[in-house]
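Observations on the three-dimensional arrangement
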Amino acid sequence: MENNKRKMDSNAPTKACQYGSDCYRVNPLHFREYSHPHIETLLSKVASINQVVVPEQIKINKSVFEEQIRIVAKQFPHLADGVKHPAKQTKLDTGATSLEPSSSKQVSSQTKPSPVPPTDSKNAIESLFAERRAKMQAAKREAPTPVPVPEPNSNAASSVATADTGVSLQKSLPRDINAYFPVVAPRGRMAQKLAAAEPYNFFLTTITDSKPTHSEPLSVTFQELLDSSLGQLESSVQMNFMVDIGWLLAHYYFAGYENVPLLILYGDETPELRMVSKKKPNVTAVKVDIKTPFGVHHTKMGLYGYRDGSMRIVISTANLYEDDWHNRTQGLWISPRLPAVPEDADTAFGESVTDFRSNLLAYLDAYKLTQLQPWIARIRRTDFSDIKVCLVASVPGGHVNTPKGPLWGHARLGYLLTKYAAPIDDSCPLVAQSSSIGSLGPSPESWVLGEIMANFRKDSAPIGIRRMPGFRMIYPSYSNVRQSHDSLLGGGCLPYGRATHSKQEWLKTYLHQWFCRSRHRNKAMPHIKTYCRWSHRGLYWFLLTSANLSKSAWGVYNKAGRFEKPLRINSYEAGVLFLPKLLLDENFFPMEAGKKDPQFPMPYDVPIIPYAPEDTPFFMDYLTQ
């Protein structure tokens, strides 16, 4: 092993992947974080990647293993050039050598090398599906009852590939959806589930290892967002930070929409996203570039256009890859079906009471992307009058007030609360809950109490002398994560670092545990982000958003401004604000069952429980120690 380390790059990882030779991943980030000795041993024995012998008895799909070899080879300086020039490495040997050094055998001299396509070949997408299939087979403890997949329609949703449609997924995916996804909801029932969720339309994702969530009325899977009962899909947009294109396209395939136009706006670059348009012409993937190094495209939003001219909006907290829909608590708001406006209607016809349509148009326009223009035109011709929530979004830049008030960040939330929130007693704290925490400053007054609370405390009461409400923060403790479904790996969605916390240790005074026994998610670590205020009387307002508690997401005032101090925001974010006045014509949402109006579905248990003296926040450092 020492010999391996001498040949490997000095920055190579030292912590071994817990899955060993069962590891199925092909994400380069995973291989930069974790060592894979069974692959490193193979590579340390050869002078060229062409000489690598792929054992016959491997536990994962062969094409996945070959891709893993190419990724790990980049950590070996003497192999790096060959990896950078795939044309020079058209073959990897196949033989009977076992992966484990302790059981290695002599390679037969008669073993013939088999050709392997280069990394940028047309089989790259198939490798993604093979990876997913290998994982499901490894995780499957018992064979599920097969669910037949209906034959694809003979229209644009047909899954038969031609010279014009690129790669067909039929050869890459099993016909049984249960062999691909761990939780599969019954088909054709999502419209009924959505109608039963009114007026809030607020869902949490199902949790693979928590079976009660599989049948909970307010739990959803991603497949259900494409359910035919919601409408026959004509085209769609997925806006997100991280996108596993294999995972995403598999959902479209099983829904019968393999060849339906799909636009993806993403923030985290991967080779698969860069090349997908070449192999799937109906898919357009666009990386959203941000000028500041501190900003990210963090929005999680879906636009779904149907063949009858209607459409739907989904705003969530989940990235589009498997881990975020597996054992993590995520939130989604799903809009009603929004019909097209009559052709002779006035341009103002169909606007929401919350101005959701105009706010969404302003948000989409901020991208300055020609690919969004057809959607902007479609939204202008869509009736949003059934939407009763407010859009609260952030876009990068320096922002000042407009005739319609502030448009972005925490200033926008304060404006909406002043306009619609009932008067709130100052004894009611703000309860923030997020999956990451930014650099907040050396004291509470630096930003949280100085800027965030200045807007989050607002309501419609007349301006007067009032005291500052309390502040509470729900963030999983180390003990919360340790008892999660995935043990410490459950904290993989909680990228808060010890170094950041050491500069703001005052925060621990405000921290509260993650508890969600009432919704069977106590062991499902939260990637959801929420902000709200409540009292014994009820819930005054509730915000579901992609925005963590950070300056990049919410903005910070540029105090050096000569006249009006602009709000500086670094990231794209999107969320929806639930207000009782707009949804129920009341001052509060009920937080208990048996009231006149439906109980608001809180994503965690109330009352909340503070950290014990011995508790510490979960730090991402725990996964790298």
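Since the structure is predicted, the reported quantities are computational estimates derived from the model, not experimental observations.

In this section: the overall build of the chain. A count of helices and strands for the chain gives 18 helices and 23 strands. Taking as baseline every contact in the chain between residues at least 6 positions apart, the subset at least 24 positions apart corresponds to 75%. As displayed, the chain offers around 27200 Å² of accessible surface, 52% of which is attributable to carbon and sulfur atoms.

Turning our eyes to something else, we now look at the side chain of Ser236. Among the secondary structure elements, Ser236 is positioned in strand β6 (residues 233-239). Assessed through its relative accessible area of 1%, Ser236 is described here as buried. A polar contact is formed between the side chain of Ser236 and the side chain of Tyr252, at a distance of 2.8 Å.

With that settled, the discussion passes to the packing of aromatic side chains. What the rule picks out here adds up to 35 aromatic pairs. Judged by centre distance (5.1 Å) and plane angle (75°), the ring pair of Phe456 and Trp554 falls under edge-to-face. On the criterion of sequence distance, the pair formed by Phe456 in helix α14 (residues 448-456) and Trp554 in helix α17 (residues 551-554) is long-range, its members being 98 residues apart. Accessibility expressed as a relative area gives 1% for Phe456, which makes it buried. Its relative accessible area of 2% is what places Trp554 among the buried residues. Centre to centre, the rings of Trp534 and Tyr604 are 6.5 Å apart; their planes meet at 50°, and the pair counts as tilted.

What follows deals with the packing of helix α11 (residues 356-365) against helix α12 (residues 373-380). Contact pair α11 / α12: the axes reach a minimum separation of 10 Å and the direction vectors enclose 170°. It follows that α11 is roughly antiparallel to α12 by the angle criterion. Along the contact surface, α11 presents Arg357, Leu360, Leu361, Leu364 and Asp365, while α12 presents Ile376, Ile379 and Arg380. Residue composition of the contact of α11 with α12, grouped by class: 5 nonpolar, no polar and 3 charged.

Judged by pairing direction, the sheet is mixed, and its 8 strands sit side by side in the order β5-β4-β12-β10-β9-β6-β7-β8 without closing on themselves. Looking along the sheet, the strands with just one partner apiece sit at the ends: β5 (219-220) and β8 (283-287). Here helix α9 (residues 245-254) sits on the sheet and contacts β6, β7 (262-266), β8 and β9 (301-306); the angle it forms with β7, its principal contact strand, is near 150°.

Judged by nonpolar contacts, the single largest core of 110 residues is most densely connected at Trp541 and Phe578. Counting residues per element, this core draws most heavily on strand β20 (residues 538-545), which supplies 6 residues. For Phe578, the contacting residues outside a window of four places in its chain are Tyr200, Phe202, Trp333, Val389, Trp541, Phe542, Leu544, Leu583, Phe589 and Phe600. One finds Leu225, Tyr252, Ile264 and Ala285 within the second-largest nonpolar core, a separate group that totals 39 residues.

Counting buried residues in strand β23 (residues 573-578) gives 6 out of 6 residues, a clear majority hidden from the surface. Pairing between strand β13 (residues 390-394) and β23: 5 bridges, direction antiparallel. Looking at the pairing, Ala393 lines up with Ala574 of β23.

Turning our eyes to something else, we now look at the UniProt feature "binding site: substrate" (unreviewed entry) in the chain. Sites flagged by UniProt as "binding site: substrate" (unreviewed entry) map to Lys300 and Lys529. Judged by maximum C-alpha separation, these annotated positions cover 230 residues in sequence but sit close together in space, the widest gap being only 11.7 Å. Residue position: Lys300 is located in the loop between β8 and β9. Overall, the relative accessible area of 1% leaves Lys300 in the buried class. Among residues more than four places away in sequence, those in contact with Lys300 are Met239, Asn240, Phe241, Val314, Ile315, Ser316, Thr317, Ala318, Asn319, His527 and Ser546. At 2.9 Å, the side chain of Lys300 and the backbone oxygen of His298 are in polar contact. The residue Lys529 is located in the loop between β18 (525-526) and β19 (530-535) in this model. Looking at Lys529, the relative accessible area reads 0%, which means it is buried. At 3.2 Å, the side chain of Lys529 and the side chain of Ser435 are in polar contact.

What follows is about the environment of Ser316. With respect to the helices and strands, Ser316 occurs in strand β10 (residues 311-316). Ser316 sits in the buried class, given a relative accessible area of 8%. Expressed as a C-alpha distance, the spacing of Ser316 and Thr299, which sit 17 residues apart in the sequence, is 8.3 Å. If we skip the residues at most four places from it in the chain, Ser316 touches Lys300, Gly331, Leu332 and Ser546. There is a polar contact of 3.2 Å between the side chain of Ser316 and the backbone nitrogen of Ala318.

What counts, and where the lines are drawn
- Residues numbered from 1 in each chain as written.
- Predicted model: local features only at pLDDT ≥ 70, side-chain atom pairs only at ≥ 80, totals over all residues.
- Heavy atoms only, no water.
- Helix = DSSP H or I, 4+ residues; strand = E, 2+ residues; numbered from the N terminus.
- Contact = heavy atoms within 4.5 Å.
- Areas by Shrake-Rupley, 256 points an atom, 1.4 Å probe, with all protein chains shown as cover.
- Buried < 20%, exposed > 50% of the residue type's maximum accessible area, 1.4 Å probe, protein only.
- Polar contact = N/O pair within 3.5 Å; in protein donor to acceptor, adjacent residues only side chain to side chain.
- Phe/Tyr/Trp six-rings, centres within 6.5 Å; stacked < 30°, edge-to-face > 60°.
- Axes fitted to C-alpha atoms, helices over the stretch in contact; angles between N-to-C directions.
- Parallel < 35°, antiparallel > 145°, perpendicular 65-115°, else oblique.
- Nonpolar A, V, L, I, M, F, W, Y, C, P; charged D, E, K, R; others polar.
- Pairing = 2+ DSSP bridges.
- Core = buried A, V, L, I, M, F, W, Y, C linked by side-chain atoms within 4.5 Å.
- UniProt positions renumbered as here; feature names shortened; annotations may be inferred.

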